[in-house]
Amino acid sequence: CVMQNLRVLRSVDFAANAKLDDTTCFTVRPGRDTGIFAVANGTLVFLDGESYEVTLELSLVDNGHLRDDGSDRVVGLEFVTEHDAVCLATSSGDVLLCTPSTQQLECMGCVDAGLTCMSWSPDQEMVVFVTGSNTLILMSKDFDPFLEVALQTDDFGEGAFVNVGWGKKETQFHGSEGKPGAKPADNQIVSRALPWDDRQPRVSWRGDGQYFVCSNIHVESGARQLHVYNREGTRQSTSELVDGLEYALSWKPSGSLIATTQRKPHRHDVVFFEKNGLMHGEFTLPFDKEAMQVRELHWNADSSVLALWVENLHGKTGKETSSLLTRPIVQMWSVGNYHWYLKQEIRLPHEGLLGMMWDPERLYRIHFLTSDGHYIWVDFCWTVDQSKGHCEENSATVGVIDGAKVLLTPFKYQIVPPPMAAQTLTLPCSVNQIAFCPSPCCDNMLVLTSDNTITLFKQNKSQHNDMVGFRTIWPPLSLVASTSLDACLPPSRYMLRRLIWWRMDTLLGVVWQLESGSDCIMELSFQVVESSETMAVEIRHQCHVEMPILQLDTNADTSTVVVEFVDGSIMKYNSARRFDDVPFVLPWQPIDGQAVVLPLPCPRIETAVLGGEEVVLGLSDWARFYVNGKEVVRDCTSFAVHDEFILLTTHSRTCRFIPLSCSLENLTSLVTDDMNGVLSESIRQVERGSRIVTVVSGGNKVVLQMPRGNLETIYPRALLLSYVRREMDRRHYGSAFGAMRKHRINMNLLYDHNPNCFLESLESVINQLESVTNINLFLSDLKDEDVTRTMYPGWSVDPSSQNAVVGKVDRVCDALRKQLEASDCYKFMLSILMTHVKKTKPELEEALLKIRILHDGQTEPGRLSPEDALKFLTVIVDVNQLYDVALGMYDLKLVLMVAEKSQKDPKEYLPFLNGLRKMGDYEKYQIDCHLKRYSRALEHITRCGDEMFEECLQLIRTQALYSAALELLKQDVVKCKRVAAAYGEYLVESDRLEDAGLVLYRYGHLDASLGVFEKSGCWRLAFAVAFQLKLPKSEIMRLARSLSDFLKGRQKYGEAAQVLCGYASDPEEAIVCLIAGSLWEDCLRLIHTYERPDLIETHLHPGLLEGFNSLESSINAWRDQFHRHRERLMVVREEKAQAKERLRALADGDVREQSGLPESDLCSDTSSVTGQSLRSSSYSRSSARSSKNRRKAERKKHRLKEGSPHEETALLEAVGELWSAAHRTRHDVSTLVRMLVLYGYDVEASSLQRTLGSCLDQMDSHKEHIWLPQATQSVETGPWMTSNAIAAAVTYSIQTSAPNMTDIACKMPDTETLQWKLTLLEH
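Residues numbered from 1 in each chain as written. Predicted model: local features only at pLDDT ≥ 70, side-chain atom pairs only at ≥ 80, totals over all residues. Heavy atoms only, no water.

*Asks:* Help me understand the packing of helix α11 (residues 844-856) against helix α12 (residues 866-876), please; the structure alone is not making it clear to me.
*Replies:* Angle between the axes and distance between the axes are the two parameters that describe a pair of packed helices. In contact at an axis separation of 9 Å, α11 and α12 are set at 165 degrees when each is read in the N-to-C sense. In terms of orientation, α11 lies roughly antiparallel with respect to α12. For the crossing formed where α11 meets α12, the hand is left-handed. Only Pro866, Ala869, Leu870 and Leu873 of α12 make contact with α11, whose side of the interface consists of Ala847, Leu848, Ile851, Leu854 and His855. By residue class, the composition of the contact of α11 with α12 is eight nonpolar, one polar and no charged. (Axes fitted to C-alpha atoms, helices over the stretch in contact; angles between N-to-C directions. Helix = DSSP H or I, 4+ residues; strand = E, 2+ residues; numbered from the N terminus. Parallel < 35°, antiparallel > 145°, perpendicular 65-115°, else oblique. Left-handed = near helix turned anticlockwise from the far one by under 90°. Contact = heavy atoms within 4.5 Å. Nonpolar A, V, L, I, M, F, W, Y, C, P; charged D, E, K, R; others polar.)

Structure representation (structure tokens):
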């Protein structure tokens, strides 16, 4: 509450038919039938809270509980909710209970000594009475006494201090008292109670009802003293005798402090005591100690406001007081940052106040009864008074009320921690309201004080700008004029609330009409009178409303006035066009045409333009945030409106940013969406309990107030990026760069926001960035990434647009370098070098070349020296890399310049460089070899002549530069053949036989190529070379036998038969080869081609029968294995389903009976779960494995071992392989069946076809049960699961599932459609 002011929200004043005059005490009845009970003129009356009519009158005199001579009085009155009755205590000792519904009065008991005080506990479970004999009586809620103790005893209480013997007082440190404090103090003389003290005891309870304090007169000294008791009536502590202590008493509900007042010789203080009886803190009241008297003080329910009832002492001290102090005064105090603020001072328009009481249910409602029979209640709310308007002149000034002072701080320019301020305005009396001027003079201010005086303060910016010497950055405010509103407002309109400076000459406010009993909107015109410090104020219009007004607010930019009534309805105020017209209010009509009604009353309302429509924003006391009556956030603690955002703080320690560009329909989904990663602009974490004080208009600064009262300034990403984007749209790249640099926003946004605009404005960008340092900072952040899509995905980005990311850095560097060179290549030399280095492939040679040009050119004063340029380059690039690049440029001077900037020892590089003084091809070859640029070294060594060819050949062999060497030496046939021979050897060693044969054949090494072709099995090329070499027939026969053996070894029986027939002239061997490869039709063709029918009986028939037996046995084996694996797969899946059920049973605690598994099987890894997450632990274990262990673990997944965690995966793989093998065999079976039928083996052919068909049909019938539809494997949890069950479920799932299941194991193998059956065998 430090930066907030306490504003009057509502006020009601009713004259209760003159039946409440001379009231001695009253109490509030909470709940639905709210109202007040009061004892006036010896009669108990009840004033209804809705009709404000007296509905109960019960005479205590007529019932015999009060004497008619007035000697008796009611000393206590309390409404007891459980009894639905009001409890009274009389000075004669009677305790009465009155039921309003029956109007029956029952005496619950009587104390012979009489009663002086009654106080119920906050929970109304017990009641404390103080008797006339100075004793305390504690009773239960049923009036059963359980303790009676004497008030005046010498016992300090249970909390008596213990002397542990650590020295004497004279030897202790005494602070500011100094050495005199070490002397023994004389007995302090305490004066008796003040003359106007009624000498009656006071009792006040702590908020939790565990302790209460009693203030009474000490018998011996006659001064007041405090006694603290616990709930059982045991005395806890007794305060020391304090001079000038008064009777006002209230224990803070939060339990920390006991408040009372003390009149000192030089001032009047509110002092605080702790539970141990020691004084702890104080603050001074802002009036003379002899002028005013504190009658009562009370805390509100949440301990945030301390209300003081103050009256003047006129007639009690014999001194005259000011006429301004003749009315009762109620002051509202609040504390923040260890400073007490006077937030509100109410001067009631009545001569006397009889009582004051906070409402027990409504935190900020206070009730009053006056001596002339008026009942008044006032509602308050906390608000931040700040300048408004989305313009440059708005300094985000916040005004804090502190009694007669207004503390001003312009947060746009400076952050001043409270209770300090940038400027303090002092007025004659306490300030109640502050109203800031609308745009454009946002910092001008009107102040309404408690004496109904309005004061105008303005800034004189022209005079401030003309000041010479020291001046503040913000022009201070100075007083212009003031006037009293009593002249224009009738006395009945005593409380002008919600003062608004609407237009430059117009004020708005709400007053309570005592005559009509309703609210009225007052429109006041004012004008400063020339040559005087006064203002002329008159009523321009009055708008009477039937419904009570809860809140009134205006938009400083649109001048819209929004009115909120107590029922939540929203209206718009329209001013009269002519002076004689009547203003009126109309319902707030949004675009959809439905009236706006807030579900809950909202003490804080404001208007904003959302999605092109002006909407009403409201925040209720229950943390509900509404937009046009639509609930958006349920835990909002504060909000503010920025030029482009609505800012919200929530109980979940977040600050959210809603763009004003979004529509009302999408608002709820936009706010309720979770955070889009840690780089989200729409949400930010803040400290718990943070509240928004103000947000700088058009800026990026948000001021938050912490619960302890201090201020913190944050720069949210949403506001920062909005500001940066707005500045870049205006092409103000300098200010955008400054904000990005200060708040560490990635510089890529300068380009990515609008690439075309950036490239077109490069000259302006360079001029605005000014320094080389800024340009280099931008270049250093460049990367091939669109940050508007990754780091800063904002609402202003068009989703359909997509910046070209590939080659972005090169484009920007080239364009920027071109502009820098055109502007001033010498001034921006470092940035030009940076553009070369920053490219995707750094252009270090170009950068060094520019330094060399700079070195060779003429040096001018102020121009960058080549040494500085090279020094800069060595900072951003590794100097060793620069040395190598310079050496690769074959520029020894440049090499020496770079070497001097490095840490290299001259003894290392000078001998090497001295050997390169004559820079020829061989020296360049040496440099390239040193730099391991072997391709360029080869180019140079090939130019060195024949004497260096051996060294060249050695380089080719060591670095495998055969292809490049053949290209470079293609004009020299002899050298090419030597290189080709070496290349062939290299390829043979690399097991690339076919490539080696081709190279050798191309460059004329036919003998070598023939051997290579023979080894590689390239029989066609081999026979081509053999016939080209004109080898004898015997050698051809040998070559054919060798190649056929090679092909048969590779199971290429068809090609082997072709070689045997064509080049070895051995058809019988060829036929044998075809039979071995099951190539039955080719075998039959060769038999009849070479006229060898004898081979049919000797070779073909036995081969057909052997093939039949082999295929039939294989098909039967596949079928049997398929059935075994399928049955095991079903068993495994059933076990997994049962395991899931056992996990559910684990949640009920019956692990062993319902699960059937040992506890270790289910919860073996539970201990590791509690220590760290399963995911992290599994990652750590897997990362620790070696590659060998990982391969071993991968192989285990494919083993068909029962009980293995991956058994299901292995079974699926095995079944899939059997399925594929059976379908692949269809072609072989089809060919074999046809040959069997051809030679009369019908039985065998029919059996083979039937066997395969039966196998395929059985596999097809089970495929739906084997390959199930893929589903995401997850652990089912719910309210029935305990923590141990969930841990066991996760562990068991990890052990039994197959997270790395391959696609082959999950999917059914693909098969092609093939017509393989022979229809002859079907009949």
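*Asks:* Can you help me understand the sheet that holds strand β54 (residues 702-705) in this one?
*Replies:* Strand pairing in a sheet relies on backbone hydrogen bonds, with the paired strands running either antiparallel or parallel. The strand order β53-β54-β55 describes an open sheet built from three strands, whose pairing is antiparallel. Pairing within the sheet leaves two strands with one partner each, and these edge strands are β53 (691-695) and β55 (711-714). The sheet shows a mean angle of 30 degrees between the axes of neighbouring strands, taken without regard to direction. Two strands pair when backbone bridges link them, and β53 and β54 are joined in this way by four bridges, in the antiparallel orientation. Considered in β54, the bridge of Thr694 is made with Val703. (Pairing = 2+ DSSP bridges.)

*Asks:* Any chance you could explain the side chain of Thr238 here in plain terms?
*Replies:* Among the secondary structure elements, Thr238 is positioned in strand β17 (residues 235-238). Among the polar contacts listed, one links the side chain of Thr238 to the backbone oxygen of Phe156, at a separation of 3.0 Å. Among all residues touching Thr238, those that are not within four sequence positions of it are Asp155, Phe156, Gln225, Leu226, His227 and Gly277. (Polar contact = N/O pair within 3.5 Å; in protein donor to acceptor, adjacent residues only side chain to side chain.)

*Asks:* Sorry, what's going on with the pairing of strand β4 (residues 43-48) here?
*Replies:* Each regular strand displays side chains that alternate between the two surfaces of the sheet. With six of its six residues buried, β4 lies for the most part within the structure. The side-chain alternation of β4 yields two buried faces, one formed by Thr43, Val45 and Leu47 and the other by Leu44, Phe46 and Asp48. Where β4 lies against strand β5 (residues 54-59), five bridges are found, and the strand directions are antiparallel. Pairing of Val45 across the sheet is with Glu57, part of β5. (Buried < 20%, exposed > 50% of the residue type's maximum accessible area, 1.4 Å probe, protein only.)

*Asks:* Help me understand the packing of aromatic side chains, please; the structure alone is not making it clear to me.
*Replies:* A ring pair, where both rings are aromatic, is described by two values, the distance of the centres and the angle of the planes. The tally for this structure, following the rule as stated, stands at 25 aromatic pairs. Between Phe283 and Trp340, the aromatic rings sit 4.7 Å apart at their centres with planes inclined by 25 degrees, giving stacked as the arrangement. Residue Phe283 is found in strand β21 (residues 279-284), and its partner Trp340 is found in strand β25 (residues 339-347); the two are separated by 57 residues along the sequence. By the burial criterion, Phe283 is buried, and Trp340 matches it. (Phe/Tyr/Trp six-rings, centres within 6.5 Å; stacked < 30°, edge-to-face > 60°.)

*Asks:* I tried to follow the pairing of strand β48 (residues 630-633) on my own but got confused; where do I start?
*Replies:* Pairing analysis gives three bridges linking strand β47 (residues 625-627) to β48, with the strands arranged antiparallel. When the bridges of β48 are listed, Val627 appears paired with Lys630. Between the end of β47 and the start of β48, which pair antiparallel, lie two residues, with Asn628 showing a positive phi angle near 55 degrees.

*Asks:* Whenever I open this one, the sheet that holds strand β44 (residues 584-587) confuses me. Can you help?
*Replies:* What the four strands build is an open sheet, ordered β41-β42-β43-β44; its pairing is antiparallel. Every interior strand has two partners, whereas the edge strands, β41 (549-554) and β44, have only one. On average, each strand axis in the sheet is inclined to that of its neighbour by 30 degrees, with strand direction left out of account. Across four bridges, strand β43 (residues 570-574) lies against β44 in antiparallel orientation.

*Asks:* I tried to follow the pattern of salt bridges on my own but got confused; where do I start?
*Replies:* A side chain of one charge can pair with a side chain of the opposite charge if their charged atoms are brought near each other. Inspection of every chain in the model, using the stated rule, returns 55 salt bridges. Notably, a salt bridge pairs Arg347 with Glu345, separated by 3.1 Å at the nearest N-O pair. You can call Arg347 buried: its relative accessible area is 13%. The class for Glu345 is buried, based on a relative accessible area of 4%. In this structure, the salt-bridge partner of Lys808 is Asp752, at a minimum N-O distance of 2.9 Å. Residue Lys808 is located in helix α9 (residues 808-824), and its partner Asp752 is located in helix α5 (residues 748-752); the two are separated by 56 residues in the primary sequence. For Lys808, a relative accessible area of 1% corresponds to the buried category. (Salt bridge = Lys/Arg side-chain N within 4 Å of Asp/Glu carboxyl O.)

*Asks:* Help me understand unusual backbone geometry in this model?
*Replies:* Residues Pro418 and Pro419 are joined by a peptide bond in cis, for which omega reads 5 degrees. With an omega of 5 degrees, the peptide bond running from Ser439 to Pro440 counts as cis. Structurally, Pro440 is set in the loop between β33 (431-436) and β34 (445-449). Positive phi values are uncommon outside glycine, yet Asn41 reaches one of about 55 degrees.

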